[in-house]
Amino acid sequence: MIPFIKDEDTQGPSVHHPSANLIRVVADNAGPFTYTGTGTYILHMAETCVVIDPGPMIENHVDRLVSAIGQRRVEAILVTHTHKDHSPASNALKDRTGAPIWGCTKTETPSREASSAMDESLDETYAPDKILSDGDVLPFDAGTLRVFATPGHLSNHLCYFWQEEAALFAGDHVMGWATSVVIPPDGHMGSYMASLAKTLDLAPEIIWPTHGQPITNTTPFIKALIKHREAREDSILTQIQGGNGQVMNIVKALYTDIPQALYPAAAQSVFAHIIHLIEKQQILAPKGFSITDEFRSASQRQSAQNLQR
C-alpha cells in the first residue's frame, strides 16, 4: 500500500512558509487532478529568490506571487514541465519581475484523448529563455539546484534537487496525495518507471511536490510507488491473458474504487501500461494500435500456435 498523505491545507488560495528559506503559494485551481491547487515554491534569501513552477495563468495567483516575492530580485523562474497547471504564469511573472524563464523543453505532442477529460492539456504559450538538461548545476543565492530529468509523466519533465537540503522539488513526478498520471503518447510508463528508480537512487531527504504536502519518508514511499506500478501492470497482463483485452473493460475490472468520472484517466494509465507491456513483448498489438483495440498476450499466441501443431 502507498502511504498517501491526505492531511492537507485547506483548499483555495493560500500562502505558507514551510521553512526559513521557502515560501509556498497555492493557486485557486483545486480539482481532481490538482488536489488543493498548484503550489508554487519561492526559494529565497533576503534580497533574491528563485520561483519553481509558477503555476496556472490566474491573475490573483500571479498577484500573490509578486506580493510574496516582495522587493527580492528573482534570479530565475524554473519550470518542471508544460502542463497548464504548472507553466503558463511564467510569462506574466517574467513581465512583472524581469526574471528569465528556465526549464524543460517545449513539447509539441498532444496528449491523446486527454485534454478535455483531465484538464491536462499542454501549455502552448511556454517560452523558455534557457533550456535546462539533466545534471545542470544552478548556483543561486538561496542554494544550489541540480537539474534532475524525470521523463514519464511527460517527456520533458524535470525536477530540481536542492543540494544543501537534499530536497527534491518534484513537480508531478512524485506526489504524496496520489499517483502521477501517465498519458500516452507523450507520457511513457517505461520512462516513468526508470525515473522512479533514478529518484530512489538519489535518496532525497524530503520531496516537495507541486500538489500536496511534502514527503519525508522518501525511500519507502518511492518503493511503494514502484511496487504499485509493477502490481498494476501484472494485474493488467492477467486480465488480458484471461481474455479481457479491451482497455475500458480492464478499467471496470480493476478500478472498482473510483468514480466513473475518473475512468478516462484510468484508461489512459492502463493504456500506458499496455504500451510498456508491448515494448517488453508480453502483449500483442495490431499495427498502428490505439486505445480502443483488443489486445492479446504473447502467451495466448504461443498457446494457439501449439494447438495448431
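Up top is the structure these notes are about.
A word on the overall build of the chain. Within the chain one finds eight helices and 14 strands. In terms of overall dimensions, the chain is globule-like: its C-alpha atoms have a radius of gyration of 20 Å, near the 19 Å expected for 309 residues. Considering the chain as a whole, with its 309 residues, one finds that 54% of them fall into the buried category. Of the contacts made within the chain by residues no fewer than 6 positions apart, 62% connect residues no fewer than 24 positions apart. Considering the chain, the positive charge centre built from 23 side chains and the negative charge centre built from 34 side chains are found 7 Å apart.

The subject of this paragraph is the packing of aromatic side chains. Here the structure, examined in full by the defined rule, presents eight aromatic pairs. Ring centres 5.9 Å apart and planes at 35 degrees place the aromatic pair W102 and F140 in the tilted group. Residue W102 is found in strand β6 (residues 101–103), and its partner F140 is found in strand β8 (residues 137–140); the two are separated by 38 residues along the sequence. This pair shows no difference in class: W102 is buried, exactly as F140 is. Through successive ring pairs, a cluster of aromatic residues spans Y41, W162, F169 and W208. For the cation-ring pair, K130 lies above W102, with the distance from its terminal atom to the ring centre recorded as 4.5 Å. Over the ring of F148 we find K198, and its NZ or CZ is 4.7 Å from the ring centre.

Before going further, it helps to examine helix α7 (residues 263–279). One full turn of an α-helix is made of 3.6 residues, so residues set three or four places apart face in the same direction. Compared with the 24 Å implied by 1.5 Å per residue over 17 residues, the 24 Å span of α7 between its first and last C-alpha is a close match. A large share of α7 lies buried, amounting to 15 of its 17 residues.

Reading guide: rules and limits
Residues numbered from 1 in each chain as written. Predicted model: local features only at pLDDT ≥ 70, side-chain atom pairs only at ≥ 80, totals over all residues. Heavy atoms only, no water. Helix = DSSP H or I, 4+ residues; strand = E, 2+ residues; numbered from the N terminus. Rg over C-alpha atoms; globule rule 2.2 N^0.38 Å. Buried < 20%, exposed > 50% of the residue type's maximum accessible area, 1.4 Å probe, protein only. Contact = heavy atoms within 4.5 Å. Lys, Arg positive; Asp, Glu negative; His and termini not counted. Charge placed at Lys NZ, Arg CZ, Asp CG, Glu CD. Phe/Tyr/Trp six-rings, centres within 6.5 Å; stacked < 30°, edge-to-face > 60°. Lys NZ or Arg CZ within 6 Å of the ring centre and 35° of its normal. Expected span 1.5 Å × (residues − 1).

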